[in-house]
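# Observations on the three-dimensional arrangement
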Amino acid sequence: MTDQAVQPTGAATGRHAFTGRDRELRALREDIGRVGLHTLSGHPLPHSRVLLIAGAPGSGRTALAEEFVRRIQDRYPGGVLRARLTDPGGLPVPTERTARDLLAALAGLGTPAGARRPAAPPPGADEEDLSEAVRTALAVRGPTVLLLDDVADSDQVLDLVPDSRECLVVAVAAGPLTGVPDVRPCALGGLDRAAAVELLARRAGAAPRIAVDPRSAEALAEACGDLPTALALMGGWLGARPKLSVHDAGTRLAALPEQPELPEQSRPPEEDDEEAEQGYRKPLRRRTPVPLLRTFRLVVDSLPRSYARTLRLLALAPAGFVDPQTASALAGCSVAAAHEALEEFVQLGLLRELGGERYEVPGCLDPLLRAELAAHERPAEALLARARMLERTVRRLQACRAVCEPSGSEARKRMAGMPRALRFAGQEEARVWLAERRPALLAATRMAVAEGDGELDTLARRLVSALARAFDAHREPDEAAPDLYRLHELVLAVSERCGLHRESAAALLNLGDLDAHTDRLEEALVRYRRALDAARKGRDEAATARALESLAGTYAVLADWARAADWYGRALALRLTRGGRADREAVARLHGRIGAVHTHEGRWEEALRAWRAAAAAFRRLREPGENARALAEAARVQERADRPYDALRTYGQALDAARDADDVRLEGALRERLADTCERVGDLRAARTHRAAAFHRLREDQPPYRPDEAAYDQEAARTPAAPHDPAAPHDPAAPHDPEDADSAGERLVVPQAEAEAAPLQCGEARH
């Protein structure tokens, strides 16, 4: 599994079949339908049945859970969802992250026929809302199995148990979960001796050593504690030595000294209480059985030096996920050599194969590899290995995005210069790679930000930028939004730690956009205010203007017109001090937005001045279409102020501008407005003429768009959540698109014209 490893598919693939545990499998199957104490007392629980598989590290608890789920999955048409609730290193996974990944997995499975798809919670939603969304989605989906591996405490299970008795939850933990009501535990020890010997023989290969010396085989299984992981390690070690007898293998194992528990990778005890208050989650202290320690030591000590170093460096792999590229970068060797080493580790039982050249470090071996890393690698060497891995990941993500660029582009040229192992053959290959590696990639970004004492901050920023660009290229915006929210939060953490105010402003603007896009307006206001402070500290005028506009737009959506006008005015004042083309476009746009806000307030004179200023600004920019639209809004304000004859003259000016823009559809819509105004002043002949001309310019099967009385579209008031580069200083002064919905005021949308212009009539301005 990767990260907390949400997997919607079947059981993990592997080349070694499951062995033993027949009694436990029967008991688990019976527990599904067994009546609980709450049911007997007349108060059945409203949520799903929870089965617990508990055992020490190396007891095969995860393998048993996978086998059990594989055998019963036909009874649950909703499918199987998996989540690992403890990160490598022993840190419990936050429920927020698990819930997000479960929701993503459910979206990938699709919605069963006849079931409605619940609304997804917005990016940035809190843990309670996300947990409720998971429970609701599972209850709506119908009979589904939820496999929760490596559970740290009862709360992690209770947060995710669906409110449906049709579903089944299978929890895997090191000990009892006393906080879960009516949980059905299945405690694991070692395998029975016959199954232990069978597993040993299967992993040792085809040589008849086990069959010809059954007593030595039983003694060897006993020395391994009958633990499946220890037996797999011992069998793999025997398989690599076909000439060694079982008796000699037992002698070698017995010669190893009894080893104490390896040191925990945790903070000093005196810091625990203080850091717990600050939200620090301590690694779980789980004791590794001595037989597993001894077999691990026997196998590792027999490895060649290069293989041993590669193995311990795998402790740095994000979320325990490994592929040849990752191993190659960590060890500083070729991809082919890394692939060969990984295959050898699979044969020895040190890695679990996932298929498609993907592997994972077994959870019970992760603390042992970390102890090996601490004992044999200097911190500087480990940091260098991690930096190599992150750099390789950045380049792979750059290739993942470049494959979506047009042929001959700069990105394509850079990708062509990369080594063949880093390139992708096409977009589909890159998309599948990104989907499969997504949890590990997110884990790599978290690791880069949290570890290295700030020495990896530059790499972390580059990694976040590359990952955000890859998500933008291969995923839909709504699908990628939750992950982008996490990435922007990580960028914010790094930039604030490094005192990079411009990057802090960019991250806060992105987070505010995502909050505003999902109607979390109060949260968006907080983000935008913080972005404004950061931009001012960094003396980034462009980001300052962007934050001011975003604050104004959010207040406009909240219908707080006074504050909206105030913030738009501040943004306008700042833009007027700058002379670039983008700033002049922003000035025109801001005049229009101020006019729209004043229109909503009923302040006709202020609105008219703002719209005329917008029209003049667009005229100076040589954008006659935008000029015509601004003049049309000015005319509408005059109509509302009961000045219809002034409105006729202004509509005529707008019609001239529309002709200069050669926009027949806009001209038709303006003639419709002219017709309405002519009717109001009693000039019915001119009204008929204008309406006939408008009819010839607009398709008969599609009536012209007639804007309602609101001159301001509240959705357009909100600054669009345009993508920003999280690793570069924010530049909000992007070129203005005249066809964008954010141009001044309300846009006139009309169908394609089909005829020539009609004669000029009442109210038209003449040259």
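Throughout what follows, the structure given in this document is the object of discussion.

Conventions adopted
Residues numbered from 1 in each chain as written. Predicted model: local features only at pLDDT ≥ 70, side-chain atom pairs only at ≥ 80, totals over all residues. Heavy atoms only, no water. Core = buried A, V, L, I, M, F, W, Y, C linked by side-chain atoms within 4.5 Å. Buried < 20%, exposed > 50% of the residue type's maximum accessible area, 1.4 Å probe, protein only. Helix = DSSP H or I, 4+ residues; strand = E, 2+ residues; numbered from the N terminus. Pairing = 2+ DSSP bridges. Polar contact = N/O pair within 3.5 Å; in protein donor to acceptor, adjacent residues only side chain to side chain. Contact = heavy atoms within 4.5 Å. Phe/Tyr/Trp six-rings, centres within 6.5 Å; stacked < 30°, edge-to-face > 60°. Lys NZ or Arg CZ within 6 Å of the ring centre and 35° of its normal. Salt bridge = Lys/Arg side-chain N within 4 Å of Asp/Glu carboxyl O. Axes fitted to C-alpha atoms, helices over the stretch in contact; angles between N-to-C directions. Expected span 1.5 Å × (residues − 1). Left-handed = near helix turned anticlockwise from the far one by under 90°. Nonpolar A, V, L, I, M, F, W, Y, C, P; charged D, E, K, R; others polar.

Here the focus is the nonpolar core. Leu 314, Phe 345 and Leu 350 are the most contacted members of the largest nonpolar core, which totals 138 residues. By residue number, the principal contributor to this core is helix H18 (residues 379–402), which donates 11 residues. If you look at the next biggest cluster of nonpolar residues, it comprises 30 residues, including Trp 611, Ala 635, Leu 655 and Leu 670.

In this section: the sheet that holds strand S7 (residues 352–353). An order of S6-S8-S7 is seen for the three strands of this open sheet, with the pairing classed as antiparallel. The open sheet is flanked by strand S6 (321–322) and S7, the only strands paired with a single partner. As paired strands, S7 and strand S8 (residues 359–360) are joined by two bridges and run antiparallel to one another. Bridging from a neighbouring strand, Arg 352 pairs with Glu 360 of S8.

This next bit is on the side chain of Arg 135. Tracing the backbone shows Arg 135 in helix H5 (residues 127–141). Its relative accessible area of 15% is what places Arg 135 among the buried residues. Side-chain polar atoms of Arg 135 contact the backbone oxygen of Asp 159, separated by 2.8 Å.

Positionally, Gln 427 belongs in helix H20 (residues 427–450). Linking Gln 427 and His 474, residues 47 residues apart in sequence, is a C-alpha distance of 8.3 Å. Not counting residues within four places of it along the chain, the set of residues in contact with Gln 427 comprises Val 403, Cys 404 and His 474.

Throughout the structure, instances matching the rule amount to two aromatic pairs. The lysine or arginine in question, Arg 475, covers the ring of Phe 471, its NZ or CZ lying 4.6 Å from the ring centre. Between Arg 570 and the ring centre of Trp 567, over which it is positioned, the NZ or CZ distance is 4.2 Å.

Take the pairing of strand S5 (residues 184–187) next. Here S5 shows one buried face, formed by Arg 184 and Cys 186, and one open face, formed by Pro 185 and Ala 187. Both strand S1 (residues 49–54) and S5 contribute to a ladder of four bridges, which runs parallel. For Leu 52, the partnering residue across the bridge sits in S5 and is Pro 185.

Turning to the pattern of salt bridges, a few remarks are in order. Enumeration over the complete set of coordinates arrives at 66 salt bridges. Measuring nitrogen to oxygen at the nearest pair gives 3.0 Å for the salt bridge that ties Arg 378 to Glu 381. Relative accessible area serves as the criterion here: at 27%, Glu 381 is assigned to the partly exposed category. One salt bridge connects Arg 401 with Glu 405, and the closest N-O pair in it is separated by 3.9 Å.

Another point: the environment of Gly 175. Structurally, Gly 175 can be placed in the loop between strand S4 (168–173) and S5. Overall, the relative accessible area of 22% leaves Gly 175 in the partly exposed class. Taking the C-alpha atoms as reference points, Gly 175 and Gly 55, 120 residues apart in sequence, are found 6.4 Å from one another. When residues no more than four places from it in sequence are discounted, the contact partners of Gly 175 are Leu 52 and Ala 54.

Our next topic: the sheet that holds strand S3 (residues 145–151). In spatial order, the strands read S2-S3-S4-S1-S5; together these five strands make up an open sheet with parallel pairing. Two strands lie at the open edges of the sheet, namely strand S2 (80–84) and S5, each paired on one side alone. Across the sheet, the mean angle from the axis of one strand to that of its neighbour is 15°, orientation sign disregarded. Here five bridges tie S2 to S3, and the two strands are oriented parallel to one another. Looking across to S3, one finds that Val 80 is bridged to Val 145. Relative to the sheet, helix H4 (residues 95–109) contacts S2 and S3, its axis offset from that of S2 by approximately 155°.

For helix H30 (residues 644–660), spanning 17 residues, the distance from its first C-alpha to its last is 24 Å, which sits close to the expected 24 Å at 1.5 Å a residue. Buried residues of H30: Pro 644, Ala 647, Leu 648, Thr 650, Tyr 651, Gly 652, Ala 654, Leu 655, Asp 656, Ala 657 and Ala 658, and no others. Following H30 by one or two positions, Asp 662 has its phi on the positive side, about 55°.

Among the six residues that make up S1, six are buried, leaving the element largely enclosed by the rest of the structure. Residues Arg 49, Leu 51 and Ile 53 line one face of S1 and the alternating positions Val 50, Leu 52 and Ala 54 line the opposite face, and both faces are buried. With six bridges connecting them, S1 and S4 associate as parallel partners. If you follow Arg 49 over to S4, its bridge partner there is Leu 168.

Right, let's get into the packing of helix H7 (residues 193–204) against helix H10 (residues 228–239). Contact pair H7 / H10: the axes reach a minimum separation of 7 Å and the direction vectors enclose 35°. Crossing angle aside, the handedness with which H7 passes H10 is right-handed. Along its contact with H7, which presents Ala 196, Leu 199, Leu 200, Arg 203 and Ala 204, the element H10 presents Pro 228, Leu 231, Ala 232, Met 234, Gly 235, Gly 236, Leu 238 and Gly 239. Classifying every residue of the contact of H7 with H10 gives nine nonpolar, three polar and one charged.

Time to look at helix H31 (residues 664–681). Helix length check: H31 (18 residues) gives 26 Å between terminal C-alpha atoms against 26 Å at 1.5 Å per residue, within 8%. Residues of H31 that are buried include every one of Leu 666, Glu 667, Gly 668, Ala 669, Leu 670, Arg 671, Glu 672, Arg 673, Leu 674, Ala 675, Thr 677 and Cys 678, and no others. At its buried positions, H31 is contacted by helix H29 (624–640), H30 and helix H32 (684–697). With a side-chain oxygen positioned 3.4 Å from the backbone nitrogen of Arg 665, the residue opening H31 is Asp 663. Count one or two residues on from H31 and you reach Gly 682, which has phi positive near 95°.

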